[in-house]
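If you want the building blocks of each chain, they are given just below.
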Amino acid sequence: MPAPRKYPDELRERAVREVRSTGRPVAHVARDLGIHKEALRSWVRQAEADAGERDDRLTTVELDELKELRKEVAELRRANEILKAASVFFAQEIDRPRTRPSR
């Protein structure tokens, strides 16, 4: 479960909208809204990437997809380890000589 966000989504959207629509410096808007300037700068960059205005960052959709794919890869690796261990176990069982019960 992701960590709780320090700032509500509405505040994030409002701050980004204000920076982008007014052209005011990020530091001034951040100070006025009580937000850390680097947090706001990051939000603005992400909004620009989501709008297709930046090529140096992944979009939010791409980041979500990347997170899901990494999770899936981890699950598949765990499954592969389990299957490898099971195949070793069963290979040993097949190679083990069978003894007949004595009467």
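As a reminder, the structure under discussion sits directly above these lines.
Cut-offs used in this document
Residues numbered from 1 in each chain as written. Predicted model: local features only at pLDDT ≥ 70, side-chain atom pairs only at ≥ 80, totals over all residues. Heavy atoms only, no water. Buried < 20%, exposed > 50% of the residue type's maximum accessible area, 1.4 Å probe, protein only. Helix = DSSP H or I, 4+ residues; strand = E, 2+ residues; numbered from the N terminus. Arc of directions from axis to C-beta. Contact = heavy atoms within 4.5 Å. Core = buried A, V, L, I, M, F, W, Y, C linked by side-chain atoms within 4.5 Å. 1 Å grid on protein atoms, 1.4 Å probe; cavity = no way out; pocket = protein on both sides within 12 Å on 5 of 7 lines; lining within 4 Å. Points joined across faces, edges and corners; volume = space filled by probe spheres on them. Axes fitted to C-alpha atoms, helices over the stretch in contact; angles between N-to-C directions. Left-handed = near helix turned anticlockwise from the far one by under 90°. Nonpolar A, V, L, I, M, F, W, Y, C, P; charged D, E, K, R; others polar. Expected span 1.5 Å × (residues − 1).

Caption draft 1: Spatial organisation of helix H2 (residues 26-33). Those residues of H2 not exposed but buried are Val-26, Val-29, Ala-30 and Leu-33. Seen from one end, H2 has its buried residues packed into an arc of 100°, which puts them on one side. Next to the buried residues of H2 lie helix H1 (9-22) and helix H3 (37-50). One or two steps after H2, the chain reaches Gly-34, where phi turns positive at roughly 75°.

Caption draft 2: Structural detail: the nonpolar core. One finds Ala-15, Val-16, Val-19, Leu-33, Ile-35, Leu-40 and Trp-43 to be the most contacted residues of the largest nonpolar core, which totals 14 residues. Of all elements in the fold, only H1, H2 and H3 reach the threshold of two or more residues within this core. If near-sequence neighbours (up to four positions away) are discounted, Val-19 is found in contact with Arg-24, Val-26, Val-29, Leu-40 and Val-44.

Caption draft 3: View of the layout of surface pockets. Approximately 520 Å³ is the volume attributed to the largest pocket. Arg-5, Arg-12, Trp-43, Gln-46 and Thr-60 are, among the 17 residues lining the largest pocket, the residues nearest its centre. Mapped onto the lining of the largest pocket, the elements with two or more residues apiece are H1, H3 and helix H4 (60-95). Considering each element in turn, the lining of the largest pocket owes the most residues, five residues, to H3.

Caption draft 4: The arrangement of the packing of H1 against H2 in detail. Packing of H1 against H2 brings their axes to within 10 Å, and their N-to-C directions diverge by 145°. The hand of the H1/H2 crossing is right-handed. Only Val-26, Val-29 and Leu-33 of H2 make contact with H1, whose side of the interface consists of Leu-11, Arg-14, Ala-15, Glu-18 and Val-19. Tallied by class, the residues present in the contact of H1 with H2 amount to six nonpolar, no polar and two charged.

Caption draft 5: Region of interest: H1. Here H1 contains 14 residues, and its C-alpha end-to-end distance of 20 Å stays within 8% of the 20 Å for a straight helix at 1.5 Å per residue. Residues Leu-11, Ala-15, Val-16, Glu-18 and Val-19 constitute the buried set of H1. Along the axis of H1, the buried residues cluster in a sector spanning 155°; they form a single face. Residues Glu-10, Arg-17 and Ser-21 are exposed on H1 and point more than 90 degrees away from its buried face. Contacts from the buried residues of H1 go to H2 and H3. Following H1 by one or two positions, Gly-23 has its phi on the positive side, about 80°.

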